[in-house]
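# Structural overview for review
Here is how the chains run, residue by residue.
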Amino acid sequence: MAILIGDTAPDFTLESTEGNIHFHDYIDGSWAVLFSHPKNFTPVCTTELGYTAKLKPEFEKRGVKVLGLSVDKLEDHGGWARDIEETQGSALNFPLLADSEGKVARLYDMIHPNADNTLTVRSVFVIGPDKKVKLKIEYPASTGRNFDEVLRVIDSLQLTAKHQVATPVNWQSGEDVIIVPAVSNEQAKTKYPEGWKELKPYLRIVPQPQD
């Protein structure tokens, strides 16, 4: 059965480059990104893991733990990690899970048989502190992911989890947001005493809340 937004992210235990990881314990109280890659020693995956390693300070600033998942064996990760550092200029600095039997890949529906029977597609799951799936994105093996977009979505998810707002198309952190329809104008006057820009009764624009 497919994992949907709002579902509890399935728990698992796997070996990784940073030791044995019990997923729910590891991410407890934090946001998390779990992403799969089709295979070690492949060009697109090499660029993705190198770039994600460079973004680690940005993920940490947002309280996000990142985990990569591979269907290769743990002993194969070391040589590839050296290649990543050599070619991308950044060492692997987050756990790379070894799912050599494909159990977690199947648990999370990362293997799409009509694309490949054994290799994963490029799946991304963003998981909240409540261990619920907040976002899922899937790319074909031939297309590298945009991890700047993953950060942008995390900014939106964290903001909208705290405030009764939504983020408009192409929103970036710091830009104006939308008051959700569930907030009445009377309630909005309390929340936003400086007012808002009303384009339509259902489309009310305010500066991004800062607290």
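Residues numbered from 1 in each chain as written. Predicted model: local features only at pLDDT ≥ 70, side-chain atom pairs only at ≥ 80, totals over all residues. Heavy atoms only, no water.

Going by the annotation in an unreviewed UniProt entry, the name recorded for the protein chain is Peroxidase, with Devosia elaeis given as the source organism.

Moving on: the packing of aromatic side chains. Within this structure, the stated rule accounts for six aromatic pairs. Note on F35 and F147: the rings are 5.2 Å apart at their centroids and 70 degrees apart in plane angle, and the pair reads as edge-to-face. Taken together, the residues span a long stretch of sequence, with F35 in strand 3 (residues 31-36) and F147 in helix 6 (residues 147-162) at a distance of 112 residues. With relative accessibility at 0%, the residue F35 sits in the buried group. (Phe/Tyr/Trp six-rings, centres within 6.5 Å; stacked < 30°, edge-to-face > 60°. Helix = DSSP H or I, 4+ residues; strand = E, 2+ residues; numbered from the N terminus. Buried < 20%, exposed > 50% of the residue type's maximum accessible area, 1.4 Å probe, protein only.)

The strand order across the open sheet formed by four strands is 8-9-11-10, and the pairing between neighbours is antiparallel. Among the strands making up the open sheet, the edge pair consists of strand 8 (165-166) and strand 10 (197-200). (Pairing = 2+ DSSP bridges.)

We now examine the domain arrangement of the protein chain. Assigned domains within the protein chain: domain 1 (7-145) and domain 2 (163-206). For domain 1 and domain 2, the distance between their C-alpha centroids amounts to 35 Å. (Domains from an automatic or database assignment.)

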